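# Results of the structural survey
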Amino acid sequence: MCSLTESALDPALLETKLTLSEDITCKKCRTAESSVNLRARDTYCRPCFLVAVHHKVRATLGKHKATRPGDRVAVAASGGVNSTVLLHLLQQGIESDHKKLLFVPLVVHVDEGAVWGRGLEQRKENIRNVRRILGKFGFSVHVLLLEDYNGDSVSVYSDEDDIVFTESLASEMHKNFANIKESSSKQELLQQMRRSVLLEAARVLQCGKVFTGENGTVLAIDLLSGVAGGAGVSLPYRVGFRDTRDCVGEKESKESTPEIANGNEENGSTTKNGVTILRPMRDVSSKEVALYCTFNQLETFVGGTFGTGEDSLYSIRKLTEEFLVGLQDSFPATIPTIFKTGDKLSMARVEPGDLCCLCSGPLDTGTGGHNALQATMFSSLVSAKGKGGLGDTIGREVFEEVYLEQEVNGEGCGDKSDECCGEGDGSCKTNKTPSLSLKDLSKSLCYSCRRTLGKIKSVSDLPKILQEKVGVKTRRDQMKEEISGFLL
């Protein structure tokens, strides 16, 4: 039994803060007076601090061999502090550094006004302000609309006068979020929609990579809130330097950048076409980002999102953020420790057919053996039916009964025996909308996305593209099961 009690550990972990009477010479150059106190006793002068932040981002890109000369890279920018600092660092790296960055950044802004039901004039004004702020860095700025997630394709606008707002898509987007009851689920759905739209825009712009501005503090919060939300299996994608969920099946290696196939063959193999999300600011803390923005007097745009101005009980993520930031104040190693632990996470190779229809992560919902999900489903079943409703034998089908609530949104092929498209690829072409139940939805989602969509009001009010993906996957699985007995 460990003899170290909590009171014995506290003095070793708790660092005393500097006082005004102490020497505050810069820790780096040892000559200038410090202007910044990053942690308890880590102080830097302004020039040393700015150089250190710049070096962290350049070192992250260099260590992971993230880009090649001439690469077209989409940079996701909301106009907030993180993305604005990222653009300033890229501008310095391309224009001022001795060893210049040789890739071509294309700024991409996603307008999310449809989620909040904002008026047309308000959305145009916000886009105009963001374009003005992002245009100062000398890169081309492109605008996307989040409601295009529900459309046939994602449109990329280079001129704000060319932007076309579709009222039906905006209304449907607003309905998608009104259909979800929990705040944590709304935050997660918004994140997945934003990611999907960015990937589609990158393809339109012929970019093989997307830079996002998450800093180390944000990723540490995402890591713990992801564990709490059941997203453990996809954490390497969520908090790692690379998010290669769009490149499943592509030739990957631990240190090399995944190649983007253009129909040519490299290194003796043809790679799958996909877009990789990269996080170059992952080694920079949120405090460093804020100070960098202040010292360089960068203008930012503050747009509201889920959780803005809310208390800590609003969602799992807000509660995790308050806990970590509060703990970091007294124990400066808290967030770096969590962040470095997340770097050690890895996962086995995933086959393209075993992916979640919402987040594109691996499906972790198999109940063939004893696991935590099986225990959770059993607990839900007992709560719903009681001990007497279990029967004498508990098989795999018993666990799935908890998802048997039927909420259909149309009539499918199975309802008409005299008419079928006969395409054979699992994609029904009949004139009836395929039915979709809550059970079909759950079987096509990973555990985390099940929790996200577990308390929706109606299946029919989910995004249409998600319903189509689930429908195709369900019918293909049914077809495979039907013909499995005829295969050798």
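On to the overall build of the chain, then. Assigned secondary structure in the chain consists of 17 helices and 8 strands. Looking at the chain as a whole, 44% of its 488 residues are labelled buried. When contacts within the chain are restricted to residue pairs at least 6 apart in sequence, long-range pairs at least 24 apart make up 69% of them. As presented, the chain carries roughly 25500 Å² of accessible surface, and 51% of it is formed by carbon and sulfur atoms.

With 7 of 8 residues buried, strand E4 (residues 104-111) is to be regarded as a mostly interior element. Summarising the sheet, strand E3 (residues 72-76) and E4 pair through 5 bridges and their orientation is parallel. Among the inter-strand pairings, Ala 76 is bridged to a residue of E4, identified as Val 108. Of the crossover connections in this fold, the one passing from E3 over helix H3 (residues 81-95) to the parallel E4 is right-handed. Relative to strand E5 (residues 141-145), E4 runs parallel, the two being bridged by 5 bridges. Its bridge partner being in E5, Asp 111 is matched across the sheet by Leu 145.

Here we come to the packing of aromatic side chains. Under the criterion given, the structure shown has 4 aromatic pairs. Measuring from ring centre to ring centre gives 5.8 Å for Phe 49 and Phe 295, while their planes differ by 85°; the resulting arrangement is edge-to-face. A residue pair is termed long-range when its members are at least 10 positions apart, and Phe 49 in helix H2 (residues 46-63) and Phe 295 in helix H10 (residues 286-295) qualify at 246 residues. Of the two residues, Phe 49 and Phe 295, neither departs from the other in class, the shared state being buried. Consider the rings of Phe 103 and Phe 211, whose centres lie 5.5 Å apart with planes at 75°: the pair is edge-to-face. Here Phe 103 is found in the loop between H3 and E4, whereas its partner Phe 211 is found in strand E6 (residues 209-211), with 108 residues between them in sequence. Comparing Phe 103 with Phe 211 shows no difference in burial state: the two are buried.

Reading the values: the criteria
- Residues numbered from 1 in each chain as written.
- Predicted model: local features only at pLDDT ≥ 70, side-chain atom pairs only at ≥ 80, totals over all residues.
- Heavy atoms only, no water.
- Helix = DSSP H or I, 4+ residues; strand = E, 2+ residues; numbered from the N terminus.
- Buried < 20%, exposed > 50% of the residue type's maximum accessible area, 1.4 Å probe, protein only.
- Contact = heavy atoms within 4.5 Å.
- Areas by Shrake-Rupley, 256 points an atom, 1.4 Å probe, with all protein chains shown as cover.
- Pairing = 2+ DSSP bridges.
- Right-handed = clockwise from strand over helix to strand, strands pointing away.
- Phe/Tyr/Trp six-rings, centres within 6.5 Å; stacked < 30°, edge-to-face > 60°.

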